[in-house]
Structures are given as structure tokens and as C-alpha cells.
Amino acid sequence: MLQLDHLALRQDDFTLTADWSVDAGQRVAVIGPSGAGKSTLLAAIAGFLAPANGKILWLGQDLAGVPPGERPVTILFQDQNLFPHLTVAQNLGLGLRPDLRLSPADQARIDAAVQRTGLAGLGPRRPAQLSGGQASRAALARALLRARPILLLDEPFAALGPALRAEMLALVREVADETGALVLMVTHDPADALALGGQTVFVADAVAHPPVETLALFDAPPPALRAYLGPK
């Protein structure tokens, strides 16, 4: 379980609060207006921003003081975080060994992840030689190899067209189901939240509200969410 216990995040004059928990293995969309604090929330969970008050706990352990690289977290940003001087296979290898001293077993896992994410034959390419969809697949493949129990997605597919975005969301669901990872995905698009399935956290007015079943939330949105969504 991920627990945000009376959490308060502050950056200059901006404050965001959250006080809720979500079970392992859930798929949770994080939606709300620009500047509401969606990315700030993910940054705090990933360890890039220390709470001003409260705690972030995973399986009952307080993550305060745990460096980002040692947290049970993988985070994907919109730029995919692929190193341009490395091949796709090497970028994936970083998910297993940061020094890239890969064993035959490691290489076999990379080959399987390449196949699993539809990148067969693209291992020797560099990121600049990939399409946007292929780069997204490579980033997800690395997340699959890291096999961390929390997967944070900060609009990694925002630059993709609707068809490719839907394809990537389907792959996220599959990866999450296979690994049992808790997924929190920032998006501006209600369609993405519905496609992800599961629950939705609405962030507005300095509060990250507790997760609610996505279909139920959009069927009967509270006033702030109704204002954000606009007329149907």
C-alpha cells in the first residue's frame, strides 16, 4: 500500500495536500488543471521533493531520506529519459545494471523485453533513430526490466497522436497486470483516465483528492471536476 499521510508539499507560495492511501497493483490516473500540482505529487513520491509535512509510506515504511534511486519507484517523463549516446539495448540495460556489465542472463531479459514491447530488431538503434511511439515503448521496456512496484507516468505519451496513445495505454495496462505494479499516471485527458481503468485522483484547489473509481467519478463529478471537464 502507498500511503500519503497528512502530506503537505510546498514550493515557494504553492502548497499541495494529500491524505489517502492506495493499494498495490492499482491503476490510478491523476487528473486536474495545469499547475494544480499533479507533477509535484509524483516528484514527491519519486523522492525529488521532500514533504514539508506528513509522510509518504510504502508497505508501512516511511520513505523520508530514501534517495530516488533506492525507492521502489520507476518514473517516466514526457521526454522518456533515454540517453541519446546509448543504443536502445543499452538504455534498457541500465534498468538492470547502471554500469552496463550485463550477464548473459541479463541480456536474455533485455531481448525478451524488446520482443515483449514490439521493438524486435531495434536494439542497436539510438533514440534519435526511433519514432515517438518506439521511444515510448523503449522507456516502458526499461520500466518493465526495473520491475519496481510503483510505476509513475508523468504524461509520457502526451506528444503522441490518439491512436498511438491508446496503444501505449494498453501496453501500460498489460505491463502493470504482469508485474503487479501500482501505476499513477498524470494526464490532462479524461479519455486517458478511462482507458487506464481503475481509479482517478483529482487534483485542484491545492488538494490531491482521494482516489475514486474512474467511471463513478466521471458519471457524477463534483463541481470542481465538472468545471474542469466543461460541458459534455
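Above this note sits the structure.
Cut-offs used in this document
- Residues numbered from 1 in each chain as written.
- Predicted model: local features only at pLDDT ≥ 70, side-chain atom pairs only at ≥ 80, totals over all residues.
- Heavy atoms only, no water.
- Salt bridge = Lys/Arg side-chain N within 4 Å of Asp/Glu carboxyl O.
- Buried < 20%, exposed > 50% of the residue type's maximum accessible area, 1.4 Å probe, protein only.
- Helix = DSSP H or I, 4+ residues; strand = E, 2+ residues; numbered from the N terminus.
- Pairing = 2+ DSSP bridges.
- Phe/Tyr/Trp six-rings, centres within 6.5 Å; stacked < 30°, edge-to-face > 60°.
- Axes fitted to C-alpha atoms, helices over the stretch in contact; angles between N-to-C directions.
- Parallel < 35°, antiparallel > 145°, perpendicular 65-115°, else oblique.
- Contact = heavy atoms within 4.5 Å.
- Nonpolar A, V, L, I, M, F, W, Y, C, P; charged D, E, K, R; others polar.
- Core = buried A, V, L, I, M, F, W, Y, C linked by side-chain atoms within 4.5 Å.
- Polar contact = N/O pair within 3.5 Å; in protein donor to acceptor, adjacent residues only side chain to side chain.

Peer 1: I keep staring at the pattern of salt bridges and nothing clicks. Help me out?
Peer 2: Close approach of charged atoms allows side chains with opposite charge to pair. Counted according to the given criterion, the structure contains 7 salt bridges. Across the pair D99 and R97 runs a salt bridge, and its minimum N-O distance is 3.1 Å. With relative accessibility at 40%, the residue D99 sits in the partly exposed group. A salt bridge links R165 to D189; its shortest N-O distance comes to 3.1 Å. Placement of R165 in helix α5 (residues 162-179) and of D189 in the loop between β8 (182-187) and α6 (190-196) is noted, with a sequence separation of 24 residues between them. Taking relative accessible area as the criterion, R165 reaches 16% and is therefore assigned buried. Residue class for D189 comes out partly exposed when judged on its relative accessible area of 25%. Salt bridges linked by common partners bring R116, E174 and E178 together as one network.

Peer 1: Where do I start with the pairing of strand β6 (residues 73-76) in this structure?
Peer 2: Side chains V73 and I75 project from β6 onto one buried face, and the interleaved T74 and L76 project onto a second face that is buried too. Note that β6 and strand β7 (residues 150-154) share 4 bridges and pair parallel. What sits directly across from V73, in β7, is I150.

Peer 1: How should I be thinking about the packing of aromatic side chains in this particular structure?
Peer 2: Each aromatic ring pair is specified by the distance between its two centres and by the angle formed by the two planes. Within this structure, the stated rule accounts for 1 aromatic pair. Aromatic pair F202 and Y228: ring centres 6.3 Å apart, planes at 45 degrees, arrangement tilted. Of this pair, F202 sits in strand β9 (residues 199-204) while Y228 sits in helix α8 (residues 223-229); the two residues are 26 residues apart in sequence, bridging distant segments of the chain.

Peer 1: I tried to follow the packing of helix α4 (residues 132-146) against α5 on my own but got confused; where do I start?
Peer 2: In a packed pair of helices, the relevant descriptors are the angle between the two axes and the axis-to-axis distance. As a packed pair, α4 and α5 sit with axes 11 Å apart at the nearest point and diverge in direction by 10 degrees. Between α4 and α5, the angle is such that the two are roughly parallel. Listed contacts from α5 to G133, S136, R137, L140 and L144 of α4 are L164, E167, M168, L171, V172, V175, E178 and T179. Class assignment for the residues of the contact of α4 with α5 results in 7 nonpolar, 3 polar and 3 charged.

Peer 1: In this structure, what is going on with the nonpolar core? I would like to understand it.
Peer 2: Nonpolar side chains in soluble globular proteins tend to be buried together. In this structure, L2, L4, W20, L152 and L184 are the most contacted members of the largest nonpolar core, which totals 31 residues. Per-element accounting of this core gives the leading share, 5 residues, to helix α1 (residues 38-46). Excluding residues within four positions of it along the chain, W20 makes contact with L2, Q3, L4, L41, L184, V201, A208, H209, P210 and P211. In terms of nonpolar packing, the next biggest core, distinct from the first, is built from 26 residues, L76, L140, A176 and M185 among them.

Peer 1: In this structure, what is going on with unusual backbone geometry? I would like to understand it.
Peer 2: Most peptide bonds take the trans configuration, and most residues that are not glycine carry a negative phi. Phi angles above zero are rare outside glycine, and L59 is one such case at about 55 degrees. Along the chain, the position of L59 falls in the loop between β4 (53-58) and β5 (61-62). Of note, A147 is a non-glycine position whose phi angle comes to about 55 degrees, a positive value. Position of A147 relative to the elements: it lies in the loop between α4 and β7.

Peer 1: Looking at this model, I keep getting lost on the environment of P149. Mind explaining?
Peer 2: Locating P149 in the fold gives a position in the loop between α4 and β7. In the structure, P149 is positioned 125 residues away from A24 in sequence and 7.6 Å away in space, judged by C-alpha atoms.

Peer 1: Explanation requested: the side chain of T200 in the structure shown.
Peer 2: Mapped onto the elements, T200 comes out in strand β9. Judged by its relative accessible area of 0%, T200 is buried. Of note is the side chain of T200, whose polar atom sits 2.8 Å from the side chain of T214. Non-local contacts of T200, meaning those with residues more than four positions away in its chain, are made with V28, A29, I31, A193, P210, P211, V212, T214 and L217.

Peer 1: Which parts of the structure should I look at to understand the pairing of β9?
Peer 2: On a regular strand, each side chain points to the face opposite its neighbour's, so the side chains alternate between the two faces of the sheet. Burial of β9 is extensive: 6 of the 6 residues sit out of reach of the surface. Of the two faces of β9, both are covered, the one formed by Q199, V201 and V203 as well as the one formed by T200, F202 and A204. Bridge analysis of strand β3 (residues 27-31) against β9 gives 4 bridges, and the strand direction is parallel. The partner of A29 across the bridge, within β9, is T200.

So far we have only geometry, and geometry alone does not tell us how the molecule works.
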